Amino acid sequence: MTQPVDLDPEDWEDFRSKSHRALDEMIDYLRDLRERPVWRAPTEEAKARFDRDLPVEERDFADVLKDFDRYIKPFATGNIHPMFMGWVQGAGTPVGMIAEMLAAGMNSNCGGRNHIAIDVERQIAKWMAQAFGFPQDASGIFVTGTSMANFLSLLVARDQAYGESDVRLNGLCAQSGQLIAYASREAHNCVRQAMELAGLGARHLRLIPSDERRAMKISYLRHAIAADRAAGFRPFLIVGTAGTVDTGAIDPLDRLADVAHTEDMWFHVDGAFGALAALSPALKPLVKGLERADSIAFDFHKWLHAPYDAGFFLVRDPKAHKRAFAANAAYLTRAPRGLAAGETWPCDLGPDLSRGFRALKAWMTIETFGAKKLGQCIEQTCRMAKRLEAWIEGSGNFFMRAPVSLNIVCFGVTGDDDGSLAREIVMELHERGEAAPSLTILDGVPAIRAAIINHRTHEEDIDAFTTYLEAALRRARKEPHLEALAEAPHGPGKTRLSED
């Protein structure tokens with residue numbers, strides 16, 4: 001007789017002991033993160049560990065955990081570290097880590113049906129509608145990130161533009177007129193990609209010039225729309241950005257809303273991180289006009305530090321949202337009661353049917369810290385950016401490459417016309433584990449980019465970062481350096497990698 005097989009532990013108490021130990025070690029890992037380098041390149045041994053054949057036989061769970069400790073945990077991205085300033089990546093929180101564990105234990109499929117995880121997701125939509133000034137019946141769903149949310153916004157806007165032509169049934173129709181979308185030249189590349197994926201074509205995305213603060217020029221937008229209408233095209237979508245990817249610039253959202261209203265176009269805001277400035281009373285005026293958008297894309301895994309991934313798509317008109325995605329399928333038949341109850345499921349609001357319980361980590365983050373403290377952390381990162389900006393402006397070795405609108409500081413090296421020193425400094429800081437800024441290209445020349453988004457980044461970290469910058473520049477220029485600077489601590493009372 002065949003013995004039954006399952007995947008539960010044979011000894012629950014032994015599993016409990018090993019799991020508690022793993023959790024304790026991860027809590028220590030977060031507590032002691034300042035004692036470690038920001039980033040370490042994976043060793044050849046670690047890489048080789050993940051170039052093996054498919055395991056056939058089982059292993060002891062404790063041995064698998066040892067492999068995690070040896071080959072995975074030491075070689076993370078580094079975004080939890082206060083000296084990580086590359087790209088725009090949230091730092092996470094211990095609360096978020098526990099939320100992920102609890103959600104994994106429940107293992108809820110949030111594509112639909114009648115269970116509490118769906119209500120948690122709806123609660124998040126209501127909270128964010130309140131935060132952004134949307135109607136309380138606005139609809140929203142979790143997605144992987146803002147890139148996907150921007151794509152969904154384009155699909156909803158496309159559906160609205162085609163109206164009775166029913167693009168979902170008939171496809172793109174030439175006789176309906178070529179749809180044209182508009183965004184700033186500073187917009188994220190995912191907007192272009194969304195046009196490609198939606199079948200509208202990247203050539204039909206108009207990239208509007210930006211001003212000296214890298215915000216979209218309204219006069220150029222109006223001119224482009226008028227020219228396209230005169231040519232027989234159909235302008236249908238304006239994408240405003242709240243916090244551009246390169247510099248954190250904010251488009252004039254209120255004026256974009258005026259244009260969209262006058263021209264009868266869908267107004268979408270890519271607010272990947274900048275939209276959440278609305279949680280800060282001091283910063284909220286910077287995103288005025290956000291409340292007038294037809295849809296907003298943003299991430300909980302950036303400025304609210306929920307663990308990856310936790311993007312969100314919020315739509316003012318719930319009927320328009322549902323019309324773009326809902327589909328009848330026998331296996332998704334609804335019932336008046338029981339597990340199949342419910343009129344609108346998340347799978348009616350996006351393309352995914354298999355969906356994790358992303359809402360729990362956002363819910364636990366907001367419930368635990370509250371909007372006030374989360375807003376204060378957002379304000380703090382902007383203050384740190386201003387502190388770094390002030391240092392750069394007083395430095396003879398570095399200079400600002402773009403205005404600081406929120407929390408992103410882009411700067412260059414004096415006399416570094418081709419950006420080669422900037423590149424070397426960034427790579428050097430990474431490899432030494434001291435700090436992790438990133439590079440971007442501004443006006444054709446590489447710039448050092450410090451995106452200060454981490455709630456753990458404080459004044460002493462900014463001051464240490466400036467010390468590392470000066471030392472890295474001397475090394476890049478092959479200049480002699482002061483030994484005292486080699487001993488600069490990595491934060492107050494902390495250690496760092498030694499100077500070569």
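These numbers were taken from a predicted model, which means no experiment stands behind them. (Residues numbered from 1 in each chain as written. Predicted model: local features only at pLDDT ≥ 70, side-chain atom pairs only at ≥ 80, totals over all residues. Heavy atoms only, no water.)

1. Some points on the sheet that holds strand 8 (residues 398-400)
The strand order across the open sheet formed by four strands is 8-9-11-10, and the pairing between neighbours is antiparallel. A single partner strand is all that each edge strand has here, and the edge strands are strand 8 and strand 10 (438-442). Sheet twist, expressed as the mean angle between neighbouring strand axes with direction ignored, is 45°. For strand 9 (residues 408-413) and strand 11 (residues 445-451), the ladder comprises four bridges, and the chain directions are antiparallel. What sits directly across from Val-409, in strand 11, is Ala-450. (Pairing = 2+ DSSP bridges. Helix = DSSP H or I, 4+ residues; strand = E, 2+ residues; numbered from the N terminus. Axes fitted to C-alpha atoms, helices over the stretch in contact; angles between N-to-C directions.)

2. Topic: the pattern of salt bridges
In total, this model carries 30 salt bridges according to the counting rule given. Here Asp-69 and Lys-73 are joined by a salt bridge, their closest N and O atoms 3.1 Å apart. Owing to a relative accessible area of 29%, Asp-69 belongs among the partly exposed residues under this scheme. For Arg-358, the salt bridge is made with Asp-309, and the minimal N-O distance between the two is 2.7 Å. On the criterion of sequence distance, the pair formed by Arg-358 in the loop between helix 11 (318-325) and helix 12 (359-393) and Asp-309 in the loop between strand 6 (295-299) and strand 7 (311-315) is long-range, its members being 49 residues apart. Accessibility expressed as a relative area gives 15% for Arg-358, which makes it buried. When its relative accessible area of 28% is taken as the criterion, Asp-309 is described as partly exposed. (Salt bridge = Lys/Arg side-chain N within 4 Å of Asp/Glu carboxyl O. Buried < 20%, exposed > 50% of the residue type's maximum accessible area, 1.4 Å probe, protein only.)

3. Quick look at a nonpolar patch on the surface
A contiguous nonpolar patch, built from Trp-12, Phe-15, Phe-61 and Val-64 and spanning about 360 Å² of accessible area, is present on the exposed surface. Among the elements of the structure, helix 1 (12-31) and helix 3 (61-72) are those that each provide at least two residues to the nonpolar patch. Among the structural elements, Phe-15 can be located in helix 1. Residue classification places Phe-15 among the partly exposed residues on the basis of a relative accessible area of 32%. (Patch = residues over 30% accessible without salt bridge, like charges linked within 9 Å, V, L, I, M, F, W, Y side chains within 5 Å. Areas by Shrake-Rupley, 256 points an atom, 1.4 Å probe, with all protein chains shown as cover.)

4. Quick word on the sheet that holds strand 1 (residues 139-143)
Read from one edge to the other, the open sheet built from seven strands follows the order 1-7-6-5-4-2-3, with strand pairing classed as mixed. Every other strand in the sheet has two partners, leaving strand 1 and strand 3 (205-208) as the edge strands with one partner each. The average angle at which neighbouring strand axes cross in this sheet is 20°, direction not considered.

5. A few points about the layout of surface pockets
In this structure, the largest pocket spans a volume of roughly 1,000 Å³. Along the walls of the largest pocket sit 36 residues, with Met-26, Tyr-29, Phe-68, Lys-73 and Met-97 positioned nearest its centre. Elements supplying a minimum of two residues to the lining of the largest pocket: helix 1, helix 3 and helix 4 (94-106). By residue class, the composition of the lining of the largest pocket is 20 nonpolar, eight polar and eight charged. In this structure, the second largest pocket encloses a volume near 490 Å³. In terms of lining residues, the second largest pocket is bounded by 14 residues, among which Asp-8, Pro-9, Glu-10, Glu-58 and Phe-61 are the most central. With three residues, helix 1 is the single largest residue contributor to the lining of the second largest pocket. Taken together, the residues of the lining of the second largest pocket sort by class into five nonpolar, no polar and nine charged. (1 Å grid on protein atoms, 1.4 Å probe; cavity = no way out; pocket = protein on both sides within 12 Å on 5 of 7 lines; lining within 4 Å. Points joined across faces, edges and corners; volume = space filled by probe spheres on them. Nonpolar A, V, L, I, M, F, W, Y, C, P; charged D, E, K, R; others polar.)

6. Here's the deal with empty space enclosed by the protein
One pass over the structure, following the stated rule, counts one cavity of 30 Å³ or more. In this structure, the largest cavity spans a volume of roughly 40 Å³. If you go around the largest cavity, the residues you meet are Asn-150, Ser-153, Leu-154, Val-191, Ala-194, Leu-237, Val-239 and His-268. When residues of the lining of the largest cavity are traced back to their parent elements, those giving at least two are helix 6 (146-162), helix 8 (189-197) and strand 4 (234-241).

7. Here's the deal with the environment of Lys-478
As for its placement among the helices and strands, Lys-478 is situated in the loop between helix 14 (459-477) and helix 15 (483-486). Classification of Lys-478 as exposed rests on a relative accessible area of 73%. Separated by 328 residues in the primary sequence, Lys-478 and Asn-150 have C-alpha atoms spaced 45 Å apart.

8. Some words on the packing of aromatic side chains
For the structure shown, the criterion picks out 12 aromatic pairs. An aromatic cluster is built from Phe-132, Phe-142, Phe-298, Phe-300 and Phe-312, whose rings are joined through pairwise contacts. A cation over a ring is seen here: Arg-334 above Trp-345, with NZ or CZ 3.9 Å from the ring centre. (Phe/Tyr/Trp six-rings, centres within 6.5 Å; stacked < 30°, edge-to-face > 60°. Lys NZ or Arg CZ within 6 Å of the ring centre and 35° of its normal.)

9. A look at the packing of helix 1 against helix 4
Relative orientation of the contacting elements helix 1 and helix 4 amounts to 155°, with a least axis distance of 11 Å. Taken together, the axes of helix 1 and helix 4 are roughly antiparallel relative to one another. Remark: the crossing between helix 1 and helix 4 carries right-handed chirality. Within the contact between the two elements, helix 1 uses Leu-23, Met-26, Ile-27 and Leu-30 and helix 4 uses Pro-94, Met-97 and Ile-98. Grouping the amino acids of the contact of helix 1 with helix 4 by side-chain chemistry returns seven nonpolar, no polar and no charged. (Parallel < 35°, antiparallel > 145°, perpendicular 65-115°, else oblique. Left-handed = near helix turned anticlockwise from the far one by under 90°. Contact = heavy atoms within 4.5 Å.)

10. With respect to the nonpolar core
Ranked by size, the top nonpolar core spans 71 residues in total, and within it Phe-132, Phe-298 and Phe-300 carry the most contacts. In terms of residue count, helix 5 (residues 116-132) provides more of this core than any other element does, nine residues in total. With residues up to four places along the chain from it excluded, the contact list for Phe-300 reads Ile-124, Met-128, Phe-142, His-305, Ala-306, Ala-310, Phe-312, Ala-362 and Ile-366. Counting residues in hydrophobic clusters, the runner-up holds 35 residues, among them Leu-237, Trp-266, Val-315 and Ala-324. (Core = buried A, V, L, I, M, F, W, Y, C linked by side-chain atoms within 4.5 Å.)

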